[in-house]
Amino acid sequence: MITDVEAARRVAVQALAQYGIEQDAVLTFVKYRENYVFKVEAESGSYALRLHRSGYRTDAEILEELDLLAVLAAGGVSVPRPRFTAKGESFCRVADEHRDVHQVDMLEWVADAEPFGDVVSAFTGEAVVDPAAFHSLGVLIAELHQKASTQQRQTPSVRPAWDATGLVGGARAVWGDPRRAFHDGAAGRETVDRAMAWLGTELGVYGKAPDRYGQIHADVTPENVLVRVGRMTLIDFDDSGEGYYLFDLATAAFFYLPHPRFDDVVSGLFAGYQTVRPLSAEDLKLWRPMLLARGLTYLAWAADRIGDETSDFIFEHLRPLVVELAAELVASAVSQ
């Protein structure tokens, strides 16, 4: 098990040879969350090398993600292209000094780009909101959905699904039961419980017709959108899988919920999206519930990482917001 950046770097250096890249290439640590990410600067170009957390993803799950990226890139969607190994494989496996084997893949580096924003400034209202930029983001999300919807899968998806079960299925949800986030006795657990039951029914009625459900990114946060001279590129498909198309839009908007210009964020996203794909009356009716579904997943994620700085932020700031959303939807359901 890798426990620090230098141990991860040693594995990354070993992986370079499998990609036909010289081992004296410059490796710069970029980030660690679920995986270690390094920037590789070599004679052949610059790449993002991703060292997967041991046991987090199966080989089949990683292959499905990289296949989706290749399809999207070939179809003109602005995403990083995967780089194949010298043997023509999508990723490689490398053993560390403890003989633990790690999956490593590599993507083209998005040069001279900056993140679209960050979730903290979006949440605090400090982020500058340009409706035209959110219009462009809506277009990009729709292009992804449009191209992914044309992909003819030969076998069922092996990746976790962001469907009713994956979002509000309690212990069966992708990130587990969000009610665990009330471990400290915080107010709102009963309200969330009622909202989850209602939301599960609503998502079941909404269904999985191909105009509303298919391959999605599932993590369109501001940090995962890179901007270079006005052109946006969507990165980090680690959470991708089948899900509701509306979920990607909800993710793109979620952290702006407390922002004074939240309505401008939504109108920009929707307007851009609908230049490529329409949004139905059923989609619009489910918009606020889908925001709640997104928020619930963050509570579940934080419940597994008590003591983590990001989890502390979620418990302090997002949890009250999610309870407020849940109360709103419960009240709305009662009044119908």
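Look a little higher up for the structure.
Predicted, not measured: the structure shown is a model, and the values here were computed from it.

(A) Structural view of the layout of surface pockets. Volume-wise, the largest pocket comes out at about 1,300 Å³. Within the residue set of the lining of the largest pocket, elements represented by two or more residues are strand 1 (26-32), strand 2 (36-42), strand 3 (45-51), helix 2 (59-74), strand 6 (101-108), helix 3 (119-124), helix 10 (287-303) and helix 11 (309-335). The biggest single contributor to the lining of the largest pocket is helix 11, with four residues. The residue makeup of the lining of the largest pocket, split by class, is 24 nonpolar, five polar and 15 charged. Here the second largest pocket defines a volume of roughly 240 Å³.

(B) Broad picture of the packing of helix 2 against helix 4 (residues 131-149). Contact geometry of helix 2 with helix 4 gives a least axis separation of 10 Å together with a crossing angle of 105 degrees. When the axis of helix 2 is compared with that of helix 4, the two are roughly perpendicular. Counting all contacts with helix 2, which are made through Leu68, Val71 and Leu72, the residues of helix 4 involved are Leu144, Lys147 and Ala148. Classifying every residue of the contact of helix 2 with helix 4 gives five nonpolar, no polar and one charged.

(C) Representation of the side chain of Ser90 in the model. Relative to the assigned elements, Ser90 resides in the loop between strand 4 (82-83) and strand 5 (92-95). On the basis of relative accessible area, Ser90 is assigned to the buried category, the value being 14%. The residues touching Ser90, leaving out its near neighbours within four places in the chain, are Tyr19, Leu63, Leu66, Asp67, Arg83, Phe84 and Asp105.

About the cut-offs
- Residues numbered from 1 in each chain as written.
- Predicted model: local features only at pLDDT ≥ 70, side-chain atom pairs only at ≥ 80, totals over all residues.
- Heavy atoms only, no water.
- 1 Å grid on protein atoms, 1.4 Å probe; cavity = no way out; pocket = protein on both sides within 12 Å on 5 of 7 lines; lining within 4 Å.
- Points joined across faces, edges and corners; volume = space filled by probe spheres on them.
- Helix = DSSP H or I, 4+ residues; strand = E, 2+ residues; numbered from the N terminus.
- Nonpolar A, V, L, I, M, F, W, Y, C, P; charged D, E, K, R; others polar.
- Axes fitted to C-alpha atoms, helices over the stretch in contact; angles between N-to-C directions.
- Parallel < 35°, antiparallel > 145°, perpendicular 65-115°, else oblique.
- Contact = heavy atoms within 4.5 Å.
- Buried < 20%, exposed > 50% of the residue type's maximum accessible area, 1.4 Å probe, protein only.

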